[in-house]
Amino acid sequence: MTARLQLRELCGYRSGDKGDIADVAIFADDEEAYDLIVREVTAERVKQHFGAMVRGSVERYEARNVLALNFVLRDALGGGGPRSLRSDSLGKTLGGALVRLEIDVPDAFADRRRPRPDVTWADQILDALPKR
Amino acid sequence: MTVRIGGGQGFYGDTPAAVDGLLDDGVDYLCLEALAELTLAILQKDRQRDETLGYTRDLPLYLAKALPAVAAGRTKLITNAGGINPTAAARAAVETAKQLGLSGLRIATVLGDDLKPRLAELRDAGMTLANSESGAEFDDFPGEPLFASAYLGARPIVDALDGGADVVITGRVADAALFLGAAAHAHGWHWDDWDRLAAGTLIGHLLECSGQVAGGNYTGEWWTIPHPWDLPYPIAEVEPDGSAVITKPKDSGGRVDFDTVRHQLLYEVHDPAAYLAPDVVADFTSAAFTDVGTDRVRVEGVQGAPATPTYKALLAYHAGWSGEARAAFSWPDAYEKAKATAALLAKRVEMAGLAVDEWCFEYWGANALGGPTAPPPHEPPEVAIRAAWRCADERTAAVVGRQLIPLTLSAPPAGFTGMGRQGGGRPTELLGIWPTLVDRKLVDEKVRVTFEEVT
């Protein structure tokens, strides 16, 4: 039996740019999750996920030493930083966009949830500010 | 002997404040990494206006913090803040030192990364200068190159330090090579000791983005990072064999652990098994990372292979002018109002006879960033539209946005309009980037280090 799960429950992420290429890495929380994403998150899936946002090819690289997959998205940033009209001309948000992807997972993974942010400290700072 | 190297800057615009923490904790070398592709473009625009500019203008702020420690013999400073004008940056360094009343400083400048005056010569020598990303031939280069910088490696930095430099200022030296230069000089590494060169490159790569290895931009439990408003900058304790501990100043905020370190390991990397650096091809997948104490991660086992026969170089070309405008819409039907206004703007611009070569519409609050990965918007409470456009000339780019203003009274309801990008809505010059490869020997034969004393 399988369930569906967004990558956000299994992985961290970071992304950036080189010219018109976006580099997007995802970091699995443990080895079981890593084996799963190696199987499920293929270059083809990622290319399909980003659709028209990525005009070029997608390549995938494995870094098992840090339980990570690295994706190279070509022709993906509207021409590259100094040329692009996009707000995110440097691809910084594409990691977050990638972990929206839903994959098939075994039932044992179905209830996995990464903790959600608790920003009580931010509320405390903001509440103490002078306001009307 | 362990050498301590600090990463005191991650980009042009970073805060010099966290440099204090590195100097107080003690670093033998302070490396300030100031450049990115976008930065070179910004510096090019500066130099176009004023021949004495072209380096990162916050350099004096960093120097004011660091030079007293350098003059006291507590650290040495290495930076690529010279951008596309290292000579001018070195002049600023000398001036800053004098203003601070410091003496006994030897300031080195690394020259030779600037290929702009040499492009014809390089072509004659057989370099195609083809675009290494798109494959386009140099004959199709759009217009005149605005800058052309080779990514130099660590050797000229080692030459500068061997020559007694206290401060080393470079142009486009590869980010990680600043740190490799410090380690290779301190430990006397050889230029064919690929594993150690790879280790120094990996360590530099981890440190080159300042706070990003110490809890910044972190997608683990980022809200648990201690004192995130005062994030520290990182330190590498590098052993002669190339192994190292990545850490941060004691009693500082932030976090350095396996997870924060691996986040940085793959940042802006293509193939992690073959990271192409000027001095070595490093295999980042061969490294082992171990938590060895609170905020201490040991890095070891990195393997390297001989460097490629070419250096990367970056050229840029003028690519038109852009402008930008924003307007916001409230519930109900905020997304539909925003989309309709975008269409009205484009239509009015067309009716006014203004030539726009490219449009970009983003719907903030509905879907500005995720493209097809994001779910369709469902009754968002508000949506801000950001319209950006590219035109061939500056004047047209400037007036396109004005077509938005009358829509305040003549378009879908409850909009708030306003101009974006550089406050007054002035157009921005766009630059296209042209990466290429150049024979390292042809570059190296013009690389030189000059020294100046502050007495």
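Moving on, we come to the overall build of chain A. Regarding its fold elements, chain A presents four helices and six strands. Traced from its N-terminal end to its C-terminal end, chain A shows the element sequence β-β-β-α-α-β-β-α-β-α. Seen through its principal axes, chain A has C-alpha atoms that stretch 50 × 45 × 25 Å. Taken over 132 residues, chain A has a buried fraction of 47%.

Moving on, we get to the overall build of chain B. When helices and strands are counted, chain B shows 13 helices and 19 strands. For 455 residues, the compact-globule formula gives about 23 Å, and the C-alpha radius of gyration of chain B, at 24 Å, lands near that figure. Considered along the principal axes of its C-alpha atoms, chain B spans approximately 70 × 55 × 45 Å.

Further remarks concern the confidence of the model for chain B. Residue and element names in this part refer to chain B. Chain-level statistics for chain B give a pLDDT mean of 94 and a share of 96% at 70 or above. Here residues 419-424 scores under 50 on pLDDT; set against residues more than four positions off or in separate chains, the count is eleven contacts. Scoring the predicted complex yields pTM 0.95 and, for the interface, ipTM 0.95.

The next point concerns the nonpolar core. Counting 182 residues, the largest nonpolar core has A:Ile26, B:Ile5, B:Ile157 and B:Ile203 as its most contacted members. The element best represented in this core is strand β14 (residues 310-330) of chain B, accounting for ten residues. Looking at which domains feed residues into this core, each of domain 1 (3-113 + 151-308) and domain 2 (315-432) of chain B supplies at least three. Apart from residues lying up to four places away in sequence, B:Ile203 is in contact with B:Phe179, B:Ala183, B:Ala236, B:Val238, B:Ala244 and B:Val299.

So, about the sheet that holds strand β13 (residues 303-305) of chain B. Residues and elements named next belong to chain B. Taking strand neighbours across the sheet as the criterion, the three strands line up as β9-β10-β13 in an open arrangement whose pairing is antiparallel. Unpaired on one side and paired on the other, β9 (275-276) and β13 mark the two borders of the sheet. Summarising the sheet, strand β10 (residues 281-283) and β13 pair through three bridges and their orientation is antiparallel. Directly across from Ala282, in β13, lies its bridge partner Gly304. The strands that helix α8 (residues 194-207) touches are β9, β10 and β13; relative to β13, the one it contacts most, it runs at about 110°.

Another aspect to go through is helix α1 (residues 31-40) of chain A. All names here are of chain A. Along α1, the positions that sit buried rather than exposed are Ala33, Tyr34, Leu36 and Ile37. In an axial view of α1, the angular spread of the buried residues amounts to 160°, which keeps them on one side of the axis. Exposed and facing more than 90 degrees away from the buried side of α1 are Glu31 and Arg39.

We now examine the interface of chain A and chain B. Listed per partner, the contact involves 40 residues of chain A and 45 residues of chain B. Where the side of chain A that touches chain B is concerned, the elements lending two or more residues are β2 (11-18), β3 (21-28), α2 (43-50), β4 (58-63) and β5 (68-73) of chain A. It is β2(A) that provides the largest number of residues to the side of chain A that touches chain B, a total of six residues. For the side of chain A that touches chain B, the residue count by class is 18 nonpolar, twelve polar and ten charged.

To continue, consider the packing of helix α7 (residues 175-187) of chain B against α8(B). Packed helices, taken two at a time, are described by the angle between their axes plus the distance between the axes. Residue and element names in this part refer to chain B. Where α7 contacts α8, the axes come no closer than 7 Å and their chain directions differ by 125°. Relative to α8, the element α7 lies oblique. For the element pair α7 and α8, the recorded crossing hand is right-handed. Each of Asp175, Ala176, Ala177, Leu178, Phe179, Leu180, Ala183 and Ala184 in α7 lies in contact with α8, whose residues at this interface are Leu197, Gly200, Thr201, Ile203, Gly204, His205 and Leu207. Among the residues making up the contact of α7 with α8, the classes are represented as ten nonpolar, four polar and one charged.

Successive side chains on a regular strand alternate, one facing one side of the sheet and the next facing the other. Residues and elements named next belong to chain B. Of the two faces of strand β8 (residues 244-247), the one holding Ala244 and Ile246 and the one holding Val245 and Thr247 are both buried throughout. Note: strand β7 (residues 235-238) against β8, four bridges, orientation antiparallel. Residue pairing across strands places Val238 opposite Ala244, the latter belonging to β8. Linking β7 back to β8 in an antiparallel pair, the connection comprises five residues, with Gly242 at a positive phi of about 95°. Relative to strand β12 (residues 296-300), β8 runs antiparallel, the two being bridged by three bridges. The partner of Ala244 across the bridge, within β12, is Val299.

A separate point is the environment of B:Phe361. Residues and elements named next belong to chain B. By the secondary structure assignment, Phe361 is in strand β15 (residues 358-364). Sequence separation of Phe361 and Arg386 is 25 residues, and the distance between their C-alpha atoms is 5.8 Å. Not counting the four nearest positions on each side in its chain, Phe361 is found in contact with Ala342, Ile385 and Ala387.

Let us now look at the domain arrangement of chain B. Domains assigned within chain B are domain 1 (3-113 + 151-308) and domain 2 (315-432). Put simply, the middle of domain 1 of chain B and the middle of domain 2 of chain B, counted by C-alpha atoms, are 39 Å apart.

Residues and elements named next belong to chain A. Pairing is antiparallel in the open sheet, where four strands are placed in the order β2-β3-β5-β4. Because the sheet does not close on itself, it has two edges, and the strands there are β2 and β4. Pairwise comparison of adjacent strand axes, ignoring direction, gives a mean angle of 20° for this sheet. In this structure, β4 lies alongside β5, joined through six bridges in antiparallel fashion. Note on β5: the bridge partner recorded for Arg60 is Phe71. Taken strand by strand, α2 contacts β4 and β5, and its axis lies near 130° from that of β4.

This paragraph deals with unusual backbone geometry. Glycine aside, residues mostly have negative phi angles, and peptide bonds mostly take the trans form. Residues and elements named next belong to chain B. Along the chain, Trp331 connects to Pro332 via a cis peptide bond; the corresponding omega equals 0°. Mapped onto the secondary structure, Pro332 falls in the loop between β14 and α10 (334-351). Despite not being glycine, His227 has its phi angle at roughly 40°, a positive value. Residue position: His227 is located in the loop between α8 and β7. Residue class for His227 comes out partly exposed when judged on the 13 C-beta atoms lying within 10 Å of it.

Conventions and cut-offs
- Along each chain, residues carry numbers from 1 onward, in the same order as the chain's sequence is written.
- A letter from A marks each chain and a number from 1 marks each ligand, given out in the order of writing.
- Given that the model is predicted, a residue must reach a pLDDT of at least 70 before its local features are reported, and side-chain atom pairs must reach 80 or more before they are shown or counted; all residues, however, enter totals for whole chains, interfaces and linings.
- To qualify as a helix, a DSSP run of H or I must reach at least 4 residues; to qualify as a strand, a run of E must reach at least 2; elements of each kind are numbered from the N terminus.
- For every residue, the other C-beta atoms within 10 Å of its own C-beta are counted; 20 or more classify it as buried, 12 or fewer as exposed, and values in between as partly exposed. C-beta atoms are placed from the backbone.
- To get the radius of gyration, use the C-alpha atoms; to get the globule rule, take the number of residues to the power 0.38 and multiply by 2.2 Å.
- Residue-level confidence of the predictor, termed pLDDT, takes values from 0 up to 100.
- Here, residues touch in the contact sense if the C-beta positions derived from the backbone fall within 7 Å of one another.
- Core membership is restricted to buried Ala, Val, Leu, Ile, Met, Phe, Trp, Tyr and Cys residues, and these are joined into a nonpolar core through C-beta atoms within 7 Å.
- An automatic or database domain assignment supplies the start and end points of every domain.
- In this analysis, strands are considered paired if DSSP registers two or more bridges between them.
- To get an axis, fit a line to the C-alpha atoms, keeping to the stretch in contact for a helix; angles then go from 0 to 180 degrees between the N-to-C directions.
- What the arc describes is the spread of directions from the helix axis to the C-beta atoms.
- For this classification, the nonpolar set comprises Ala, Val, Leu, Ile, Met, Phe, Trp, Tyr, Cys and Pro, the charged set comprises Asp, Glu, Lys and Arg, and every other residue, Gly included, is treated as polar.
- The cut-offs work like this: below 35 degrees is roughly parallel, past 145 is roughly antiparallel, 65 to 115 is roughly perpendicular, and the gaps in between are oblique.
- When the near helix sits turned anticlockwise from the far one by under a right angle, the crossing is termed left-handed; a clockwise turn instead gives a right-handed crossing.

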